[in-house]
Every structure is written in structure tokens, then in C-alpha cells.
Protein chains: 2
Amino acid sequence: MQVDVQPSNATARDAAMAELAATFGAERIVTGKDIRNRHGTDESYHPTVAPDAVFFARSTEEVSQAVTICAKHKWPVIPFGVGTSLEGGVAALRGGLSVDVSEMNKILAVNADDLDVRVQAGVTRKQLNEYLRDTGLMFPIDPGADASIGGMCATRASGTNAVRYGTMRDNVLSLTVVMADGRVVKTARRAKKSAAGYDLTRLFVGSEGTLGVITEIQLKVYGIPEAISSAVVQFDDLESAVSTCVLTIQSGVPVARMELLDDSQMGACIAYSKLEGYTARPTLFFEFHGSETGVVEQAETVQGIAAEFGGTDFKWATKAEDRNKLWEARHNAFYAALALRPGAKGWPTDVCVPISRLAECITETKKDLAETGLLAPLVGHVGDGNFHLVYVIDPESQEEMRLAKEHSDRMVLRALSMDGTCTGEHGVGYGKMEFLAAELPEAIPVMRAVKQALDPDNIMNPGKLFRMN
Amino acid sequence: MQVDVQPSNATARDAAMAELAATFGAERIVTGKDIRNRHGTDESYHPTVAPDAVFFARSTEEVSQAVTICAKHKWPVIPFGVGTSLEGGVAALRGGLSVDVSEMNKILAVNADDLDVRVQAGVTRKQLNEYLRDTGLMFPIDPGADASIGGMCATRASGTNAVRYGTMRDNVLSLTVVMADGRVVKTARRAKKSAAGYDLTRLFVGSEGTLGVITEIQLKVYGIPEAISSAVVQFDDLESAVSTCVLTIQSGVPVARMELLDDSQMGACIAYSKLEGYTARPTLFFEFHGSETGVVEQAETVQGIAAEFGGTDFKWATKAEDRNKLWEARHNAFYAALALRPGAKGWPTDVCVPISRLAECITETKKDLAETGLLAPLVGHVGDGNFHLVYVIDPESQEEMRLAKEHSDRMVLRALSMDGTCTGEHGVGYGKMEFLAAELPEAIPVMRAVKQALDPDNIMNPGKLFRMN
């Protein structure tokens, strides 16, 4: 596929880089090819588009200084966390400076009594949970990858636990943001709720670096539940597995996780993660959080529902190590899929539909897939109506790319026709711009007006989300 | 207090009204004084500021047509639901047309399987729950007043159930909005989550009519819980009651409601709602939702916590009629407070602080209040850190108004110093503009830029939230 890459203005670039070097020291404006390439690369099939330089910022003030310089020269700024995004969000489509916040990785405050923490944007979710472990608290949002919290905010990430704990939208109390002109703005106070003016916090969550650089986050955390248990149940057909999910949600069972793997994905995980005692059939992974009795109650309800659909072989994992092995396997699903075809790249899709349409959407999508001959395991956060096909492809093969693109297009249009979205959690980047335009046609001019108002020179992560003209 | 009222431009007004009359028929552009006054009046102490005319819209298309005409003549538009707001949000500070959506009261769709509904903006929360009753579903957000869903979106309302079910921020899937130029925009699809572009839904939730007129709402609903029980426990002192709340939240008990009434408010409610078996002491009202065993488990935990703080006399209400009587009394707290002094008006405050600071905030506020001699019962959604003092005052008395204003100012500054907000749920209107500026000083220019971009002529509910220059 063609990528719309335009180098930055050379005069602006040279002037900005000279001023950045003068301000921070030349050695901190990194132009080595490897580092630049890494900062123009995400975890997907999108090609590397390297920035002109990389700046490893150490504080909000430094980000502000750097952005102020870039703004003066109208030179692009691309915020960078750890590079685990999937839609080309970090690609430097117009050149510019990658502002890497990974060294801003301090946990600034833990307010255990208020169930919130304050972190710098470069803190990763695993780092945070490691840090919190002894406090009895946890940060549940889990997109699989060990993403930075700043990056998770920027893409409105969610993942396996969202069915219970919501997405980043629901779990951010306040942000500190460096705006496109270098100003530093705090979007809200630390109160649990507020009706004080426009919800700027939510405006920046999901803005994918196009409105500013998120540098600090006040984040909700949760008490580690008294009891946690996991279970796996396998089905003879995909529809029975999906129906089990749908009825579980409709019954109001507060499952913490409910993940679907199709036969292909389950086979990949069994091989990759050496899971024993399972076969390559449609499978549901569950996790239950609550009190000792609450967890048992939830599990019994779900077991009953699964049995109605022929899922009789409930395998329990109450020991932490067994649970971890299972969820590790689930988390590695993407890499397991890639391992099916060494050297291939993954193109993950991300539609999300109202749950009443989920079975139909998955069934039609799989039927369509069979006709393409493509390899594309399916895994899904099905409690939210969100699922991912991962096309395991050779991006050099025009034929494979064409087949995948056409299938993906049909799947997205199918999801939209069901009042769903093209992206449940991966974001738009530049990979889904045409889908966003199809999904929310009247909303795009409103988004564009907001972008224009807050970033009039279009220096913040340009070329993403929607066209500016 | 002085209110900054400026009449609209007479030429613009006459031209807009003539065109509106030509479009909809003269009889639909209502200029009778009583109707106009009602539309410039909310439930608080703020004085009536009537619009020039009132238009009872019947559809999104009609709102769009009306706003298009107003936009052409740069004449203000003030969206109106049922008028239960509390910060002067409906006051026509710059004259203009009140667009009343109360006749847009159709429930357009109930998607029971997806746990969502689609309603017109004029549907009230009680109407919706009445409609849903036979479906086993409920809409839990409950600000007390029988507000319109559109109005609840506009002010980011919450109320007694927010501790469990969140605020309007968390419960809106998508909005249909008529923008300041008359365009109609749908902000999102019906999927439960999405990462598709800027979160325009959340931008409009809480925008208090300053960015557009909300005409339709896709709303989350919930299954009516298997079991519901309520309990009341009284304490000898306020601090013990607050400490019970704080520990309940910190223990992770998923209470559905947890409301604090101080001695004064409890006395008022006993008198107004003829509650028997209670005394005028600090009191907590609880409601528990869940499975039969879950509800018992929650209640036992809370009972244990209350006992630690001397709250031993747990009174249960498991029968629906007893529960309803209790919550009816709680809902009428505002009117009960007013009844303490016939003819007086209520000035409700709305600070919200991190829960770890709640006891201190309430204690200092009450101590300060005692020194003023003002009558001001306290009621609070204390699980969220949010409480309301209601000054029961004579707005004609400059001395009372001064004392109340000074006390309120001190309370808000106290809450801000604790990293809290000036408004947990009532919104800013024009009554809290100076507090919003104090709370989020760097954010105001960002909000202003967004407003300027989406409403360049400042016709949407002008004079609210923040100054435009």
C-alpha cells in the first residue's frame, strides 16, 4: 500500500535542530539511523518511516522547551512511548522530531486511600503493576504489550480487562499535556468526578499525539481482588463460544476477562506457549475477580451458560502460576500467530460491534476469510464486541496485501453496517484514516476544527487520523 | 450578586424571529411572558433571566433549522430541557431563543441484548425507567430531580448511584448534536468501546449547551439487579459517618448508593418526609445491588465497618416500598431543606475532593459554617467525595447572600487546595465561572479555543462557563 510520506522543510528542520542542540546539547538530539528507524517503527506491518531526529526528554519542562522550539520553526513533533502501537501512529510521515518519553518513567505518587496514582508518561503498565504489588493495588488495563501509560492514553487503549474495568477513557483522572505551542496544561483536578467545564482529559485520551504530548497521568487504580480464578472452556464450533460470551454479558456476570480464540489461534498458542491438555478448537478464557464466594458464584453461572452451548469441559486455574501461564499464552497470541509463518508480519484488525451482532459479524467474516485462503487467526475481547483477525502475511507480496486489504475493507464495512466501529482499541494512526472517514463522516469536520484550533500549524503528529484539508 | 445581563441585538432578534415565524408558523415562536420567564429560571437562587422567545422543537431537523436561522443572524440559542439545573445554565444572559426539547420525548430504540437505548433529548430519567420497567432494565443515573436526559448530558450529571454506575460521562455511547451552524453531527457509533478519533461524545457531555444542542442520546442501561437492599445507620458525630464511607470505598465494597445527611438535613427530612424511627443525627443511607448472596455479603461488610465507628443501629429496608420511602426522602432533601424556612431559596454547593481529604473538608466546612450562623443542611454523595451544603437563604437579604458567598468561596478554595473540584455534578453555568477559572487556569484558554472553533460567533448559550475574551 502506498504511504503518503513528505519530508519536512529542510530549512525549518535545520533551524529547529540547531536550536534544539543549542538548548539541550548536540548529543541529545539523536540522529543515528538505527535509533531513528526504531522510532519510526511500530509492531505492525506498517513500513518504517523514521523521524529526522529523536529527543529523549527527561521532564515535562524539557518536552515543553522542545515543542516550543519545534513550534517556532513549524517543524513536526511525534510523541513516542515504547513503540507498541499498531496503526503507524509513530511513523514520521512529515519528518520532524520524535519526542521519546521513555526516560520519563517515574511513579510520582501513590494515593492508596484514593485509589489513584500519578505517573510520568513513560512508565509502562508492567512497571506500574510491579511497583504497586506490595500496596495491594493494581492497574488492570492490559493491552497485551507492555505499553507506556502515555501511549495507552494517546490511543485510548484497553484490552482483556476492559469488559470489567473499562478502557483508558474511563481510568484517567487528569493529564498534564504539552500543547502544540509548548504551553503546559493540566486538564483536571484529582477529584473522582467533576462537572467543571469541557472534558479536556477525554479530548486528549485517544487523540494519538495530534493535539499535544501527554507527559503526566493521574490514573485510577484498584484494590487487588480478594479472589481471582481463571477457567478455560473449549467448544466444537465458534458460534457456540460466541453465544456463551453474549449470554454471559447479557446475564450481567461481572467477568474480569472473557477472551475468544478461534481454532487457528488456539492451535498457534498451544504450539507457541506449550499449553498442555487442549486441542485446537474454539476456546474461551475467563477470569473472575471478587470475593471468595462472589468468584465461585460468577464461575458457576458462566459454567452453566457454557454448558447450554456444549462447552462442558471447564478447566480451572486457581493457582497464580497456572493462571499466569494461561494469560501469558493469551498475551502472546500475536507472536504465536506470527510464529505460524516465520518471517511473516502481522496485520491486526480491530472492529468492534454491538454484542447482539457479534456472532453474525464473526461468522460472516470467517466465511469470507476462508474464500481468500489467507492465514488469519482470530482472537477477541468478545465481552466488548471487539475482535482481532491477524493476517499473517508477507508485506512484500502485493497479492497477499491486496487480499488482506480487500478482506479487511469488507469486514470494516460489515462492522459499520452493524453500527460498530473500525477500531475498538488500536486507534486510527494513518492505517485506518479512510475507515474513520466512513465511520463518522459528519464528525470529521468537527475533529478537524478542534485540531486546527489547538494546533494551527499542524505540527503535532501530522498525517494521522484525518486529512487536514 | 450582580448578574452580567446584556440584551441581544434588536435588529438580529427581529430578523431571526421573523424568519423563525415564517419557517415554523408565528404561533410556535412563543413570546408570552410566563413561558419566557419559566425558561429563564432554574431550581436555584439564581434570578430569572428570560429569553426573548421560546421554541418547542419537535425533531432534530427542527432544531437544526432553528439554529441555522439563529446562526445566520448571530442571535443566541439556549438549549432547554426541563429547567432543573442549578447554576443558571438556562438564563438567557445575552437574550436569544430558548430551544425547548421537552416535546422531543420519544424513546427511539431499546436494544435489550446490547444494554443500550436511544432516546430523544427531552425524555426524562423517570420516564425512561418507567418505560424500561417491564424489560428488566434500568437507567441508574439519578441526580434527584426528574431531569431530561439531554440536560443530564449537558451538565455531566450524576447523583446517588454514581459511586457504582459512574456519571453521564461514563454512560453515553453516542450523541446527536446540532452544532452552532445548524449542522447535525453524530459523535460515535453504537459499539461499546471505540478508539476512532477524538472523543466528541465526551466533549459535548458537560459542555452545558455552549457547543451545540444535544438532540438524541445513545445511552447505556443495566439489568435490574437480582437483589436490592437498603439500610440506614445513624451516628453520634459526622466524622464517624464520613469515616465509615471512606473505609467502605477503600475496602472495595461495590455499594450502589452511599449518602450522607448531617443532623440538620436528617431533621429536615424526618419532618418533610415523615420518616419514623430516626433522630436528627448524622446518617448514612446505603443501597446494595447484586446477587442475593452478594448483597448480603456487601451489607455485612459495611455493617462491620459502621460498627467500628459507633454506627450500630442498622435499619434494613429490603421491601421495595420501604426502600422507596427512604430514597424518596433522600431525593426530597433539597425541598426538605427549603421547608425549614418557608419562602426561602436554596443555594446548593457542590465541591468534590479526593476521598482521603473528605472528612477534613467536611469538618472544616461545618466549623466555618457554624461561625456564619447560616442555615445550611449538608447532604452528600460521599462515596465520590462529593457533598452539597444548601444555604437556605433569602436572596433579597444582601447580608445573607454575602455571608453565603464568602462561606462558599472559602469552601471552594479549601476543596481546590485539596486537589478537588468546585463542581462534582451541578456544572458551572454562570454561577461558578470564577471558580472554574481558579480550578483549571491553564485549561481555560484551551476550552476557549475549542469553543471559538466550534461556535465562532458565540451564539450557543453565551455567558456561561468562561469568558470569551
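Structure's up top.
Predicted model only: the values in this text are computed from it and were never measured.

Looking only at helices and strands, one finds 17 helices and 18 strands in chain A. Each of the three principal axes of chain A carries a C-alpha extent, and together these read 65 × 55 × 40 Å. By residue count, 64% of the 469 residues in chain A fall in the buried class. Here chain A has roughly 16100 Å² of accessible surface; of this, 50% comes from carbon and sulfur atoms. Across chain A, 47 positive and 61 negative side-chain charges occur, with their mean positions spaced 5 Å apart.

In this complex, chain A contributes 80 residues to the contact, which on the side of chain B involves 80 residues. Taken as a group, R189(A), K193(A) and Y198(A) account for 16% of the area that chain A buries against chain B, more than any other trio of residues on that side. Between D384(B) and K193(A) there is a salt bridge, with its nearest N and O atoms 3.6 Å apart. At nine residues, the largest contribution of residues to the side of chain A that touches chain B is made by helix α17 (residues 443-454) of chain A.

The strands making up a sheet associate through backbone hydrogen bonding, with each pair oriented either parallel or antiparallel. Residue and element names in this part refer to chain B. With antiparallel pairing, seven strands are arranged side by side in an open sheet as β15-β12-β14-β13-β17-β18-β16. Strand pairing shows two members of the sheet lacking a second neighbour, β15 (315-317) and β16 (345-348), which therefore form its edges. Averaged over neighbouring strand pairs, the angle between their axes works out to 20 degrees when direction is ignored. Where β16 lies against strand β18 (residues 386-393), four bridges are found, and the strand directions are antiparallel. Bridging across to β18, P348 finds its partner in V390. Against the sheet, helix α11 (residues 292-308) makes contact with β12 (227-234), β14 (283-290) and β15, and its axis sits at roughly 155 degrees relative to β14, the strand it touches most.

Attention now moves to the pairing of strand β13 (residues 257-261) of chain A. All names here are of chain A. Buried residues dominate β13, accounting for five of its five residues. Burial along β13 is two-sided: R257, E259 and L261 and M258 and L260, pointing in opposite directions, are all buried. As defined by bridge partners, β13 adjoins strand β14 (residues 283-290) across five bridges and the pair is classed as antiparallel. Within β14, the residue paired with L260 across the bridge is L284. Two strands pair when backbone bridges link them, and β13 and strand β17 (residues 378-381) are joined in this way by two bridges, in the antiparallel orientation. Bridge pairing in β17 places L260 opposite G380.

All right, on to the relation of the copies chain A and chain B then. With an RMSD of 0.0 Å, the operation that places chain A on chain B is a rotation of 180 degrees combined with a shift of 0.0 Å along the axis. Look at the turn and shift together and you get a two-fold axis relating the two.

Each value, and the rule that gives it
Residues numbered from 1 in each chain as written. Chains lettered and ligands numbered in written order. Predicted model: local features only at pLDDT ≥ 70, side-chain atom pairs only at ≥ 80, totals over all residues. Heavy atoms only, no water. Helix = DSSP H or I, 4+ residues; strand = E, 2+ residues; numbered from the N terminus. Buried < 20%, exposed > 50% of the residue type's maximum accessible area, 1.4 Å probe, protein only. Areas by Shrake-Rupley, 256 points an atom, 1.4 Å probe, with all protein chains shown as cover. Lys, Arg positive; Asp, Glu negative; His and termini not counted. Charge placed at Lys NZ, Arg CZ, Asp CG, Glu CD. Contact = heavy atoms within 4.5 Å. Buried area = accessible area lost by both parts, 1.4 Å probe. Salt bridge = Lys/Arg side-chain N within 4 Å of Asp/Glu carboxyl O. Pairing = 2+ DSSP bridges. Axes fitted to C-alpha atoms, helices over the stretch in contact; angles between N-to-C directions. Least-squares fit on C-alpha atoms with pLDDT ≥ 70 in both.

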